[in-house]
Amino acid sequence: MDTLNFKRPARAEAIRPALVGYVGSGDLEVMIEPSSAGCADIHIHTSTDGSEARWRQVIELIESVMKLPVMRMDIHDFAATPGVIRLRIEQALELAREDAA
Amino acid sequence: MTAFNDNSATASQRGRHWFDTLTAEMDCREGAVPSLRIADGEIAGRACRFLLVQADPDSRYPRARHGEVGLLEGWGLAEAIDDAIRADADTPIRRALIAIVDVPSQAYGRREEALGIHQALAAAVSAYARARLAGHPVISLLVGKAMSGAFLAHGYQANRIFALADSGVQVHAMGKAAAARVTLRSEEELDRLAADVPPMAYDLESYASLGLLESLVEVESADAPSGADIDRVRTVLAGALRNIQPGDTGLSRRLDGDNRQASRRVRELLREQWSA
Amino acid sequence: MTTRTQTGFIDLSARKRIAALLDEGSMRELLTPFDRLTSPWLERQGIVPQFDDGVVIARGTLDGTAVVVAAIEASFQGGSLGEVGGAKIAGALELALEENRRGNPTAAVLLLETGGVRLQEANLGLAAIAEIQSAIVELRQYQPVIGVITGPVGCFGGMSITAGLCSYLIMTREGRLGLNGPQVIEQEAGVAEYDSRDRALIWGLTGGAQRHTSGLVDAFVEDDVAVVHQSVTACLSLGVPAEHRSDAIATPLARLQQVDTREQIDAASALQILTQGAAK
């Protein structure tokens with residue numbers, strides 16, 4: 001198991017707490033909460049060792065299509081593929097922004 | 001042929017020895033099944049019913065011949081406890097129930113599953129819990145193994161749990177070899193992990209750190225109790241009987257252990273949020 | 001002709017199962033994932049935890065009746081119970097008991113998808129199950145405790161004993177109920193005793209249909225949210241049974257003392273023994 005932390009530039013916007021997914025094989029849970037850290041503070045627990053570069057890639061891919069909100073994001077990953085990871089993160093962001101404005 | 005866990009050569013005699021010596025002067029009551037021993041007597045003037053599950057090499061259920069808690073043992077315990085509850089229903093001072101625990105496992109077998117061993121064990125759990133709630137002091141004395149479903153059915157519902165301070169006394173959810181297979185780890189790995197994870201450990205000291213035991217009882221011989229050992233255990237039982245006050249019918253005193261912080265924290269937060 | 005869209009219960013997550021059962025708008029989850037009460041033991045064994053530890057607790061109403069519901073998430077660690085998840089269920093039942101003592105009737109519904117004790121937290125899982133069982137025996141004096149086993153995991157280990165303490169049990173065809181998992185029995189007793197790959201044997205002996213016809217559960221339902229809801233409501237309306245299944249001792253004990261064990265058992269003979277006693 002690896003624990004990783006990414007702090008990414010983010011913009012202040014209204015979000016609410018959100019949770020999607022679960023820690024089952026090939027899946028992950030993503031939790032988002034408002035934060036006063038001034039950045040997107042992403043904490044990852046993953047069952048896959050040595051996967052930092054891959055996580056960085058997924059995050060950059062998401063950043064290429066949207067600006068991340070200021071938030072605390074926690075991820076519990078059980079060997080999900082990059083595709084599933086991206087899907088879950090986007091679902092969580094969508095849920096966090098829903099009705100929050 | 002593959003060899004499977006066959007306890008026949010090693011069926012523990014400890015429970016039998018402790019039961020025989022502790023109840024030597026008492027009235028033995030015929031149990032519903034031969035693997036169940038029941039004796040009525042007194043400890044420090046308090047009426048007690050002692051209960052033991054022991055090996056019955058002639059049991060009609062082949063997977064329950066070595067001291068396992070099976071179909072007959074579960075329902076049989078329930079019957080013996082229920083009998084005490086009914087007999088004492090109109091008396092203010094209810095007899096204590098003392099479980100002598102030396103159970104290697106629940107019975108693993110096709111007949112057991114087919115005929116609802118889970119329900120048989122539930123009957124025993126229910127009877128012990130109902131007795132405790134009705135004011136019967138329930139005390140468990142662990143003299144050997146206290147494993148998994150067998151311990152749930154015979155001993156884990158007690159007001160007080162005592163254990164002999166002896167390496168042959170073991171409480172666990174699954175034997176080490178089977179646990180290694182199920183978790184895909186070697187027994188050595190399990191031991192390494194257990195050193196840092198007390199609830200996984202197989203030694204009695206780690207178990208004691210969880211706060212579930214009332215105390216450990218030092219004895220000269222756990223296998224063949226001496227006269228002094230029996231006196232010591234009687235003193236411990238008498239102390240517990242004095243200590244269990246009317247109304248002390250729950251299990252909350254088990255939550256005080258060093259290694260049960262999360263169990264306490266969960267209850268604390270639940271209570272805060274319950275009526276919020 | 002009316003048509004109704006069937007919504008499967010089995011495929012729902014623990015949280016969604018509760019939401020599907022409770023009256024609209026009445027669900028209030030306690031100890032949500034945002035409380036971050038994860039297992040204190042899994043990470044030090046290199047296992048990724050889950051924020052709710054695989055157990056969801058909620059208060060709410062079911063057809064207007066106050067209930068507390070506990071649901072085990074089958075997808076996390078096989079629905080196994082560790083210290084936190086076990087304490088969530090035990091603690092919720094203990095609080096429901098206090099609520100009843102204060103004169104506020106509160107029943108309990110347990111959605112059981114579990115392999116039993118989480119071996120990585122072995123003795124604390126086992127201790128929690130003993131506490132859950134104690135709480136059920138006490139609570140069910142006041143209000144029914146209803147167990148629901150739909151699959152996919154089924155209900156095994158110490159928690160199958162817990163199921164045996166419930167006032168009412170509801171199962172689907174896809175659910176299984178047994179003390180020991182098939183692989184463990186095969187390991188302990190050999191493949192001739194129990195072949196864990198023989199699905200017909202296992203479902204035939206421990207599946208919902210057999211458990212229902214042999215009287216070990218009360219209701220047999222299809223995998224449909226509306227049907228499960230209706231069944232739970234019906235059990236609630238029956239109130240506390242005159243005698244719990246776990247306490248009707250004489251008949252099963254007498255029947256099990258007469259079983260001829262020279263032949264291995266099958267589903268038909270098990271049914272005969274459990275419902276009428278051994279054939280003469």
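Keep in mind it's a predicted model, so treat the numbers as computed, not measured.

The rules behind these values
- Residues numbered from 1 in each chain as written.
- Chains lettered and ligands numbered in written order.
- Predicted model: local features only at pLDDT ≥ 70, side-chain atom pairs only at ≥ 80, totals over all residues.
- Heavy atoms only, no water.
- Helix = DSSP H or I, 4+ residues; strand = E, 2+ residues; numbered from the N terminus.
- Buried < 20%, exposed > 50% of the residue type's maximum accessible area, 1.4 Å probe, protein only.
- Areas by Shrake-Rupley, 256 points an atom, 1.4 Å probe, with all protein chains shown as cover.
- Lys, Arg positive; Asp, Glu negative; His and termini not counted.
- Charge placed at Lys NZ, Arg CZ, Asp CG, Glu CD.
- UniProt positions renumbered as here; feature names shortened; annotations may be inferred.
- Contact = heavy atoms within 4.5 Å.
- Pairing = 2+ DSSP bridges.
- Right-handed = clockwise from strand over helix to strand, strands pointing away.
- Salt bridge = Lys/Arg side-chain N within 4 Å of Asp/Glu carboxyl O.
- Axes fitted to C-alpha atoms, helices over the stretch in contact; angles between N-to-C directions.
- Parallel < 35°, antiparallel > 145°, perpendicular 65-115°, else oblique.
- Left-handed = near helix turned anticlockwise from the far one by under 90°.
- Nonpolar A, V, L, I, M, F, W, Y, C, P; charged D, E, K, R; others polar.
- Buried area = accessible area lost by both parts, 1.4 Å probe.
- Polar contact = N/O pair within 3.5 Å; in protein donor to acceptor, adjacent residues only side chain to side chain.

## Details of the overall build of chain B
Reasoning step 1: Tallying secondary structure elements over chain B gives ten helices and eight strands in all.
Reasoning step 2: Each of the 276 residues in chain B was classed as buried or not, and the buried ones make up 61%.
Reasoning step 3: On chain B, roughly 10,400 Å² of surface is accessible, and the fraction owed to carbon and sulfur atoms is 47%.
Reasoning step 4: Treating the 32 positive side-chain charges of chain B as one cloud and the 38 negative ones as another, the clouds have centres 5 Å apart.

## Topic: the UniProt feature "modified residue: O-(phosphoribosyl dephospho-coenzyme A)serine" (unreviewed entry) in chain A
All names here are of chain A.
Reasoning step 1: Mapped onto this structure's residue numbering, the UniProt feature "modified residue: O-(phosphoribosyl dephospho-coenzyme A)serine" (unreviewed entry) falls at S25.
Reasoning step 2: The topology assignment puts S25 in the loop between strand 2 (18–21) and strand 3 (27–33).
Reasoning step 3: The exposure class of S25 is exposed, given its relative accessible area of 67%.

## Regarding the environment of B:V236
Reasoning step 1: You can see B:V236 is positioned in helix 9 (residues 227–243).
Reasoning step 2: For B:V236, the contacting residues outside a window of four places in its chain are B:F162 and B:V217.

## Section: the pairing of strand 5 (residues 138–147) of chain B
The side chains of a regular strand alternate, residue by residue, between the two faces of the sheet.
All names here are of chain B.
Reasoning step 1: When you tally the buried positions in strand 5, you get nine out of ten residues, the bulk of the element.
Reasoning step 2: Relative to strand 5, strand 4 (residues 96–103) is paired through six bridges, and the arrangement is parallel. Directly across from V101, in strand 5, lies its bridge partner L142.
Reasoning step 3: Here strand 5 pairs with strand 6 (residues 160–164) via four bridges, running parallel. Each residue of the ladder has a partner; that of L141, found in strand 6, is F162.
Reasoning step 4: Crossover handedness for the path strand 5 to helix 5 (residues 148–153) to strand 6: right-handed.
Reasoning step 5: Bridging between strand 5 and strand 7 (residues 170–172) involves three bridges; their strand directions are parallel. Paired with A146 across the two strands is V171, which belongs to strand 7.

## A closer look at the pattern of salt bridges
Reasoning step 1: According to the stated counting rule, one finds 48 salt bridges over all chains in the structure shown.
Reasoning step 2: Residue A:E33 is joined to C:R36 by a salt bridge in which the shortest nitrogen-to-oxygen separation is 2.6 Å. Pair noted here: A:E33 is in strand 3 and C:R36 is in the loop between strand 1 (28–30) and strand 2 (55–62), and the two residues belong to different chains.
Reasoning step 3: Residue classification places A:E33 among the buried positions, given a relative accessible area of 17%.
Reasoning step 4: By relative accessible area, which is 28% here, C:R36 ends up partly exposed.
Reasoning step 5: When the shortest N-O distance is used, the salt bridge between B:D83 and B:R49 registers 2.9 Å. In this pair, B:D83 is assigned in helix 2 (residues 71–87) and B:R49 in strand 3 (residues 46–53), connecting sequence segments 34 residues apart.
Reasoning step 6: Its relative accessible area of 2% is what places B:R49 among the buried residues.
Reasoning step 7: Linked through salt bridges whose partners overlap, the residues forming this network are B:R29, B:D40, B:R49, B:E79, B:D83, B:D88 and B:R95.

## Some remarks on the packing of helix 10 (residues 261–274) of chain B against helix 2 (residues 83–101) of chain C
Reasoning step 1: Where helix 10 of chain B meets helix 2 of chain C, the axes come as close as 9 Å, and the angle between the chain directions of the two elements is 40°. In terms of their interaxial angle, helix 10 of chain B and helix 2 of chain C are classed as oblique. Considering only the axes of helix 10 of chain B and helix 2 of chain C, their crossing is right-handed. Contacts from B:Q261, B:A262, B:S263, B:V266, B:R267, B:L270, B:R271 and B:W274 of helix 10 of chain B reach helix 2 of chain C at C:E83, C:V84, C:A87, C:K88, C:A90, C:G91, C:A92, C:E94, C:L95, C:A96, C:E98 and C:E99.
Reasoning step 2: For the contact of helix 10 of chain B with helix 2 of chain C, the residue count by class is ten nonpolar, three polar and seven charged.

## Notes on the pairing of strand 4 of chain B
Residue and element names in this part refer to chain B.
Reasoning step 1: Of all eight residues that make up strand 4, eight are buried, and the element is covered over most of its length.
Reasoning step 2: Covered by surrounding structure in strand 4 are A96, I98, I100 and D102 together with L97, A99, V101 and V103, the residues of both alternating faces.
Reasoning step 3: Note that strand 3 and strand 4 share five bridges and pair parallel. Each bridged residue has a counterpart across the sheet, and for R49 the counterpart in strand 4 is L97.
Reasoning step 4: Tracing the backbone out of strand 3, into helix 2 and back to the parallel element strand 4 gives a crossover that is right-handed.

## Some points on the interface of chain B and chain C
Reasoning step 1: Between chain B and chain C, the contact holds 80 residues from the first and 87 residues from the second.
Reasoning step 2: Here chain B packs against chain C, burying approximately 7,400 Å² in sum over the two surfaces, 63% of which is carbon and sulfur.
Reasoning step 3: Looking at the side of chain B facing chain C, the largest losses of area belong to B:R110, B:H118 and B:W274, adding up to 14% of the total buried there.
Reasoning step 4: The interface formed by chain B and chain C holds seven salt bridges in total.
Reasoning step 5: Of all the secondary-structure elements, those providing two or more residues to the side of chain B that touches chain C are helix 2, helix 3 (110–114), helix 4 (117–133), helix 5, strand 7, helix 6 (176–182), helix 7 (187–196) and helix 10 of chain B.
Reasoning step 6: Among the elements that take part in the side of chain B that touches chain C, helix 4 of chain B stands out by supplying twelve residues, more than any other.
Reasoning step 7: Looking at side-chain class alone, the side of chain B that touches chain C contains 45 nonpolar, 18 polar and 17 charged residues.

## With respect to the interface of chain A and chain C
Reasoning step 1: Taken together, the contacts link 18 residues of chain A with 14 residues of chain C.
Reasoning step 2: Summing both partners gives a buried area of about 1,400 Å² for chain A against chain C, and 66% of it is carried by carbon and sulfur.
Reasoning step 3: On the chain A side of the interface with chain C, the three residues burying the most area are A:M1, A:V23 and A:M31, jointly 37% of the side's total.
Reasoning step 4: Here chain A and chain C share two salt bridges between them.
Reasoning step 5: The interface formed by chain A and chain C holds six residue pairs in polar contact (both at pLDDT 80 or more) in total.
Reasoning step 6: Looking at the side of chain A that touches chain C, the elements that each hand over two or more residues are strand 2, strand 3, strand 4 (40–46) and strand 5 (71–78) of chain A.

## Brief notes about the packing of helix 1 (residues 52–63) of chain A against helix 2 (residues 82–97) of chain A
Residues and elements named next belong to chain A.
Reasoning step 1: Viewed as axis vectors pointing N to C, helix 1 and helix 2 meet at an angle of 45°, and their least axial separation amounts to 10 Å. Here helix 1 lies oblique to helix 2, going by the angle between them. With respect to the hand of their crossing, helix 1 and helix 2 are arranged in right-handed fashion. Facing R54, W55, V58, L61 and I62 of helix 1, the residues of helix 2 in contact are P82, I85, R86, I89, E90 and L93.
Reasoning step 2: Residues belonging to the contact of helix 1 with helix 2 are distributed by class as follows: eight nonpolar, no polar and three charged.

## Some thoughts on the sheet that holds strand 1 of chain C
Reasoning step 1: Read from one edge to the other, the open sheet built from seven strands follows the order 1-2-3-4-5-6-7 (chain C), with strand pairing classed as mixed. Every interior strand has two partners, whereas the edge strands, strand 1 and strand 7 (219–221) of chain C, have only one. Each neighbouring strand pair of the sheet contributes to a mean axis angle of 20°, computed without reference to strand direction.
Reasoning step 2: Both strand 3 (residues 65–72) of chain C and strand 4 (residues 107–111) of chain C contribute to a ladder of five bridges, which runs parallel. Directly across from C:V69, in strand 4 of chain C, lies its bridge partner C:V109.
Reasoning step 3: Where helix 10 of chain B meets the sheet, its contacts fall on strand 1, strand 2 and strand 3 of chain C, and the angle it forms with strand 1 of chain C comes to roughly 155°.

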